[in-house]
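Structural features, examined
Now for the letters of each chain:
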Amino acid sequence: MPAANQVIALLAGHLDGDSEQVRTVALQIAAAEARQGHTKTAAAMKKLLDRPRSPNERAIPTAVEGATLLAKPRGDLGELVTVTSPKARVSEMTLTPQVRERLDRMVRQQASRGRLREHGLRPSSKILLVGPPGSGKTLTASALAGDLNLPLFTIRLDAVITRYLGESATKLRAVFDQIAQMRGVYLFDEFDAIGGKRSAGNDVGEVRRILNSFLQFLEEPNATDSVIVAATNHPEILDRALIRRFDEIIEYGLPDEAGVRDIVKRRLGALAGRSMKWELIGEAAHGLSHGEVSRAVEEALREAILDDRKTVDQSSLMAALDARRSMREVMADIFTE
């Protein structure tokens, strides 16, 4: 059965004469029916949607099986949210077994959400990711969207947070209305910008109102089972009231030797030299994030291509890792002055 919010959106589109919205919501409902095994219902809806349209009606994609329609946010919401269709997969990421297991569990629950709903349960849908920059938090949101075949909506917090009284809460309301009406993965990156402790010394009334609004909206029923991903590099400044609002809190760290080896092998594939001493490479990459290791591998790969070499050898890879480490140390000195 369609969610109440979808019925409302369907009626609103009909009354407004907005055929695009009607088709969009109808496709969402048909896709949901197909995922729950109601193939006859989905096929009947698709047949109706495939009927010839009037000349004044704009054609839109009608893919039902597998994918949720990728709709671009309109109006004011378009300034608050960007939408993409990721191709990443959790299985392609370099993760610890514990993190991979928890992400796989969320994907499984989301993929079988109809079955859980039949038993009065809901799938895990709210996840908080914490860890240093470049550790894979943003990529995780893309991978979840890719595995679930959902659009990734990234919330632009710089556009949401304003200095005008009450305006930020209004914009957050618009975002959560979108979450309730359009199924997808919604990423709140650098989440500490709105999730900071309400008792912080530099706090002001408007910041408290933003956080209180977010906490309230996060508690609302999520009829679409959209996945909400919040990511932060600074979990220590988050308000404690947030903790119990999330179904999963996953901590990311820096890659160990096995993780570095996995990153290098995934990126280089057959271009990796045969005489790699992984212990030495792991030592050279110590202290670097997943993203920094990946960039070092790409740099070594670029140099190999330009030098007409068929493989990336250990010395060029370690040189790229050393250069990345030096860059980090320079930046650390700058910010500590």
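So, here is what we can say about the structure in this document. (Residues numbered from 1 in each chain as written. Predicted model: local features only at pLDDT ≥ 70, side-chain atom pairs only at ≥ 80, totals over all residues. Heavy atoms only, no water.)

**Digging into the packing of helix H5 (residues 97-111) against helix H7 (residues 137-148)**
Heads up, the rule is: Fitted lines through C-alpha atoms serve as axes, helices being fitted only where they are in contact, and the angles separating the N-to-C directions of these axes extend from 0 to 180 degrees. Helix and strand definitions follow DSSP, with helices as H or I runs of at least four residues and strands as E runs of at least two, each counted in order from the N terminus. It is the rotation of the near helix from the far one that decides the hand of a crossing: anticlockwise by less than a right angle makes it left-handed, clockwise makes it right-handed. We call two residues contacting when some pair of their heavy atoms lies within 4.5 Å. Each residue is assigned to one of three groups, with Ala, Val, Leu, Ile, Met, Phe, Trp, Tyr, Cys and Pro labelled nonpolar, Asp, Glu, Lys and Arg labelled charged, and all others, Gly among them, labelled polar.
Their axes nearest at 10 Å, the elements H5 and H7 cross at an angle of 35°. For the element pair H5 and H7, the recorded crossing hand is right-handed. On H7, the residues that touch Leu103, Met106, Val107, Gln110 and Ala111 of H5 are Thr140, Leu144, Asp147 and Leu148. Residues that form the contact of H5 with H7 fall into these classes: six nonpolar, two polar and one charged.

**Looking at the sheet that holds strand S2 (residues 126-130)**
We apply this condition: Only strands that DSSP links by at least two bridges are regarded as paired with each other.
Strand order in this open sheet of six strands is S1-S3-S4-S5-S2-S6, and the pairing throughout is mixed. One side of each edge strand has no neighbouring strand; the edge strands of this open sheet are strand S1 (81-84) and strand S6 (248-251). Across this sheet, the average inter-strand angle for adjacent strands is 20°, counted without regard to direction. Seen against the sheet, helix H9 (residues 167-181) touches S1, strand S3 (152-155), strand S4 (185-188) and strand S5 (227-232) and runs at an angle of roughly 155° to S4.

**A few points about the packing of helix H12 (residues 257-268) against helix H14 (residues 290-306)**
The criterion, for reference: An angle below 35 degrees is treated as roughly parallel, one above 145 as roughly antiparallel, one from 65 to 115 as roughly perpendicular, and anything else as oblique.
Interhelical geometry of H12 versus H14 gives an angle of 40° and a closest axis separation of 10 Å. The orientation of H12 with respect to H14, classified from their angle, is oblique. Remark: the crossing between H12 and H14 carries right-handed chirality. Side by side, H12 and H14 meet where Val260, Ile263, Val264, Arg267 and Leu268 of the first sit next to His290, Val293, Ser294, Val297, Glu298 and Leu301 of the second. Class assignment of the residues belonging to the contact of H12 with H14 gives a composition of seven nonpolar, two polar and two charged.

**Considerations on the side chain of Ser316**
Convention followed: Polar contact is defined as a pair of N or O atoms within 3.5 Å, subject to the rule that within protein one atom must be able to donate a hydrogen and the other to accept it, and that residues adjacent in sequence are counted only when both atoms are side-chain atoms.
On the secondary structure map, Ser316 appears in helix H15 (residues 314-336). Here the side chain of Ser316 touches Asp313 through a polar contact of 2.7 Å, side chain to side chain. Sequence-distant contacts of Ser316, defined by excluding residues within four places in its chain, comprise Ala300 and Arg309.

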